[in-house]
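# Structural overview
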Amino acid sequence: MFARVAALTCLLASFCTAQSYRPSGEKPPMPAREFRAAWAAVVHNIDWPSKSGMSASAQQGEMRAILDKMASLNMNALLLQVRPHCDAVYQSSKEPWSPWLTGTMGKSPGYDPLSYCVNQAHARGIEVHAWFNPFRALSNVGQACCASHVSKASPNITKRFGNLLWCDPAETETRARAFGAILDVVQRYDIDGVHLDDYFYPYPEAGRVFGDGRSPAIRRKIVDDFVQKLYSDVKRAKPWVRVGISPFGIWRPGTPAGIEAGIDAYEQIGCDARKWLASGWVDYLAPQLYWRDQPRKQSFSALLGWWRQQGSRPVWPGIATSRVGSSEDPGRPASEITKQVDLSRNIGKNWAGHIHWSVKGLMQNRGGVSNLLAKGAYAQPALVPPMPWLSQQTPGRPNASATGNGSSVRVAIQSGDRSTARYAIQARYGKQWRMAKVVSAGSKDVEISSVPDAVAVSAVDRFGNVSAPFVLTR
């Protein structure tokens, strides 16, 4: 009897404190925008999986942990390496399974890692950009290979360089293999982006360069043509899939004045990233600005300022979070990373954003960097910036209802139109609007763990366009 009375009392209390929200004509500010991403490298098990040969369930658990960490930090994009060296971190009829999954090239891990990652990330409102190494055949020539790997199937297009095996970019088959792998993933997987790193031609070693007998100008032409065609092919297949490239952080030594570097990417590895940005052959460029802000010879702010003057598309710098507390840069504090995040927001005029190298630094909370970001720069969620050069057609406004129970608010979202990929939820406390959550289009019942004075729900499409908000006020 006492239990029934207690339950009834709780029910009545809940009913009495329930607060209904009604539609309002209030106009909130546009949702916050910033590209907050991290690379997850598979090669050598740098980031994921932590070692080869793990069970499928263990690999999946590690992936969920990465995505949970990113979601807790209000990050919005994961750049997952899916082709480390002419292999596949996904089900492929073109290339063998990556050995970094099972320990044996060509051996299935028992599930499709890319499909799993996309599903899990999208459920958390996080984009997935598939990261490809287009021309690297092996990161170590001692790696055991299966018969379908390019080193065995087409050895005529490969060249050894030091301890590396490289597919010669000048060979038609090399480029066809890379295009085939990338477009296969674009067409079969619900990815949000295609990403390439800086390995077009291999970096010089001990003063030696890749021995193909071709001039630097011819190499640049080969890579330029590859980049231009890749952008065109991806846009023809799925125009909303972003194409991004992460070149070496310095275009040429001496540019801008006072900048120095150990290599000349333009001359030595066929990388004219300034041209790709200015020509609109990328949706974003992510130069690897892994140095501190000072000294001037490799200054983060000086380089970012220069890069952001080279074109109108976004420049989202790579920042070396994993160098905090590492032998690569002894003494680097976590505050250097938060400083660079702030600089990435304030230098230049194109959309804000940055990419952490790599997600391991955030998972390990190097020097407390994740704590600093959670309390400061990442305190509120943000949408990935839009691509107005591709589309400015906004999705239809969604419908929603909201009910408060005294300690939280439950927002029920009715579907927007077919173009909706995510919902941005904002909340007003007094006169102050804040971003509350970014959720997938499949989220119909969302809880906000507070009781705001107003709630706004906006639909977001695959291009990043945002609908007019549906506003509810109590």
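First, a word on scope: everything that follows refers to the structure included in this document. Bear in mind the structure is a predicted one, so any value in this text is a computation, not a measurement.

Moving on, we get to the pattern of salt bridges. In the structure shown here, the tally under the stated rule is 30 salt bridges. Among the salt bridges present, the one from Glu34 reaches Arg36, with a minimum N-O distance of 2.7 Å. Residue Glu34 is classed as buried on the basis of its relative accessible area, which comes to 3%. The partner of Arg177 in a salt bridge is Glu173, with the nearest N and O atoms 3.2 Å apart. Here Arg177 and its partner Glu173 are both found in helix H6 (residues 172-188), four residues apart, which amounts to about one turn of the helix. Salt bridges here are not isolated pairs; linked through shared partners, they connect Asp168, Asp212, Arg214 and Arg219.

Alternating residues of strand S8 (residues 164-167) divide into Leu164 and Trp166 and Leu165 and Cys167, and every residue in both groups is buried. Pairing of strand S6 (residues 136-138) with S8, which is carried by two bridges, proceeds in the antiparallel orientation. Counted as the bridge partner of Arg136 is Trp166 from S8. Here strand S7 (residues 158-161) pairs with S8 via four bridges, running antiparallel. Pairing of Thr158 across the sheet is with Cys167, part of S8. What sits between S7 and S8 in their antiparallel hairpin is a turn of two residues, with Gly162 showing a positive phi close to 60 degrees.

As a further point, take the sheet that holds strand S15 (residues 409-414). Spatially, four strands are ordered S1-S14-S15-S18 in an open sheet, and the strand pairing comes out antiparallel. Of all strands in the sheet, those bounded by a partner on one side alone are strand S1 (19-20) and strand S18 (445-448). As paired elements, S15 and S18 share four bridges and run antiparallel to each other. Paired with Arg410 across the bridge in S18 is Glu447.

What counts and how
- Residues numbered from 1 in each chain as written.
- Predicted model: local features only at pLDDT ≥ 70, side-chain atom pairs only at ≥ 80, totals over all residues.
- Heavy atoms only, no water.
- Salt bridge = Lys/Arg side-chain N within 4 Å of Asp/Glu carboxyl O.
- Buried < 20%, exposed > 50% of the residue type's maximum accessible area, 1.4 Å probe, protein only.
- Helix = DSSP H or I, 4+ residues; strand = E, 2+ residues; numbered from the N terminus.
- Pairing = 2+ DSSP bridges.

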